[in-house]
Amino acid sequence: LISLTFITATSYGQLCSDNITIDFDNTSGISCMYLFFDTISNPNNIWQVGRPQKTEFISAYSSPNAIVTDSVNPYPANDTSVFTIKFFAQGLGFQYPHTVILTGQYFVNSDTLTDFGKIEFSPNNGITWIDMVNDTVLIDTTNNGYWYWDTERPTLTGNSNGWKYFGTQFETLGHAFNIQMGDTILYRFTFITDSIQSGKDGLMFDDLHFEDWAEGVEEFQNNNLITIFPNPASDKLVIQRTKSSDKSAIQIINYSGQVIVDNPNFTGETVDTQLLTNGIYLLRYSDSKSFAIKKFVINH
């Protein structure tokens, strides 16, 4: 096991990159992040970093190490084990929104439905936790929610029969929770078991990859640049400037992160929204020096 780099309930490193992969094999790429094993709330925490030596778990995705619910023994009954990865919003992906990504590999071998894993995200240093696999409040089937899966949602129970890749994008959570440069954000990975001893291997992750970045950012954000109305809107959205500008541009972004309207030479005061489907959108308005982002709703 790696015993110096991954310290129980202790942090290491300082964020210095907006594009990081943790492969659990050495300190390269992870010296800028913080990893915590929660042994305070869960004193029998069984997450370990090491070489899998179990019945089904016989190798990491990228050898030799993965993070696994005990590298040798079957997982116990009546257990909740947690590890948390912490870093700071610093690439402006949350603020624009532009690009915020979590990807990785998982392998699960458990009792279906009764023993299961969770992946959670906190935009505010642990005050709020969002279950990114199972939450149905902030996400819906029409992709108008705050994040979407580039892959099938990971099924962290039952038997995956090998390593499975997962990937999700959630840059628009930045505006839902007003995530700013330097804010502490957390990712929490949990495995929960019931009272039946199954003798199975549990859950493991490898090659966890994190991105938070925006490309070509030179303006300053000033949300007082404009006001918008009506909100909710139906056929049109009125944009009222608080100061004149000889050059302005607008984008309308849906909550899947897709740019629906892109007008680099916006001169009017209204935007036709008749063709937008019902849902939540972001309007990005910019002039030559600054930009503003406003959230609005379409309801026909």
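Predicted, not measured: the structure shown is a model, and the values here were computed from it.

(A) Expanded view of the pairing of strand β4 (residues 66–69). Burial along β4 is two-sided: the face carrying Ala-66 and Val-68 and the face carrying Ile-67 and Thr-69 are both buried. Summarising the sheet, strand β3 (residues 47–50) and β4 pair through 4 bridges and their orientation is antiparallel. Bridge pairing in β4 links Gly-50 to Ala-66. Pairing of β4 with strand β12 (residues 202–213) involves 2 bridges; the strand directions are antiparallel. Of the residues in β12, the one forming a bridge with Val-68 is Met-204.

(B) Spotlight on the environment of Thr-190. Mapped onto the elements, Thr-190 comes out in strand β11 (residues 184–192). Thr-190 sits 143 residues away from Trp-47 along the chain, and the two C-alpha atoms are 9.2 Å apart. For Thr-190, the residues in contact, after removing those within four places along its chain, are Trp-47, Thr-80, Ser-81, Val-82, Phe-116, Gly-117, Lys-118, Glu-120 and Leu-203.

(C) The sheet that holds strand β5 (residues 80–88), seen in detail. Strands sit in the order β2-β5-β11-β7-β8 across an open sheet of 5 strands; the sheet is antiparallel. The sheet is open, and its two borders are formed by β2 (34–37) and β8 (130–131), each paired with just one other strand. Pairing between strand β7 (residues 116–122) and β11: 7 bridges, direction antiparallel. Along β11, the bridge assignment pairs Phe-121 with Tyr-187.

(D) Structural view of the packing of aromatic side chains. For the structure shown, the criterion picks out 21 aromatic pairs. For the pair Phe-87 and Tyr-187, a centre-to-centre distance of 5.6 Å together with 10 degrees between the ring planes defines the contact as stacked. Here the residue Phe-87 occupies a position in strand β5, and Tyr-187 occupies one in strand β11, the gap between them amounting to 100 residues. Taking the relative accessible area as the measure of exposure, Phe-87 reaches 5% and is therefore buried. Taken together, the aromatic side chains of Trp-47, Phe-83, Tyr-106, Trp-149, Phe-166, Phe-189 and Phe-205 make up a single cluster linked through ring pairs. Lying across the ring of Trp-129, Arg-188 places its NZ or CZ 3.8 Å from the centre.

(E) Region of interest: the nonpolar core. Core analysis: the biggest nonpolar cluster contains 40 residues, and Phe-83, Phe-121, Phe-170, Tyr-187, Phe-205 and Leu-208 have the highest contact counts within it. Within the residue set of this core, elements represented by two or more residues are β1 (19–22), β2, β3, β5, β6 (99–109), β7, β11 and β12. For Leu-208, the residues in contact, after removing those within four places along its chain, are Ile-20, Thr-21, Ile-22, Phe-24, Phe-83, Ile-85, Thr-103, Gly-104, Phe-166 and Phe-189. Within the second largest apolar cluster, 17 residues are counted, among which are Ile-239, Leu-276, Phe-296 and Ile-298.

(F) Focus on the confidence of the model for the protein chain. Averaged over the protein chain, the pLDDT score is 83; the fraction of residues at 70 or greater is 85%. For the protein chain, the element scoring lowest by mean pLDDT is strand β13 (residues 220–221), at 62; β4 scores highest, at 97. Residue range residues 1–16 is modelled with pLDDT below 50. Its contacts to residues more than four positions away, or to other chains, number 47 contacts. Between residues 27–32, whose pLDDT stays under 50, and residues either more than four places distant or in other chains, the model counts 17 contacts.

What counts, and where the lines are drawn
- Residues numbered from 1 in each chain as written.
- Predicted model: local features only at pLDDT ≥ 70, side-chain atom pairs only at ≥ 80, totals over all residues.
- Heavy atoms only, no water.
- Buried < 20%, exposed > 50% of the residue type's maximum accessible area, 1.4 Å probe, protein only.
- Helix = DSSP H or I, 4+ residues; strand = E, 2+ residues; numbered from the N terminus.
- Pairing = 2+ DSSP bridges.
- Contact = heavy atoms within 4.5 Å.
- Phe/Tyr/Trp six-rings, centres within 6.5 Å; stacked < 30°, edge-to-face > 60°.
- Lys NZ or Arg CZ within 6 Å of the ring centre and 35° of its normal.
- Core = buried A, V, L, I, M, F, W, Y, C linked by side-chain atoms within 4.5 Å.
- pLDDT = per-residue confidence, 0-100.

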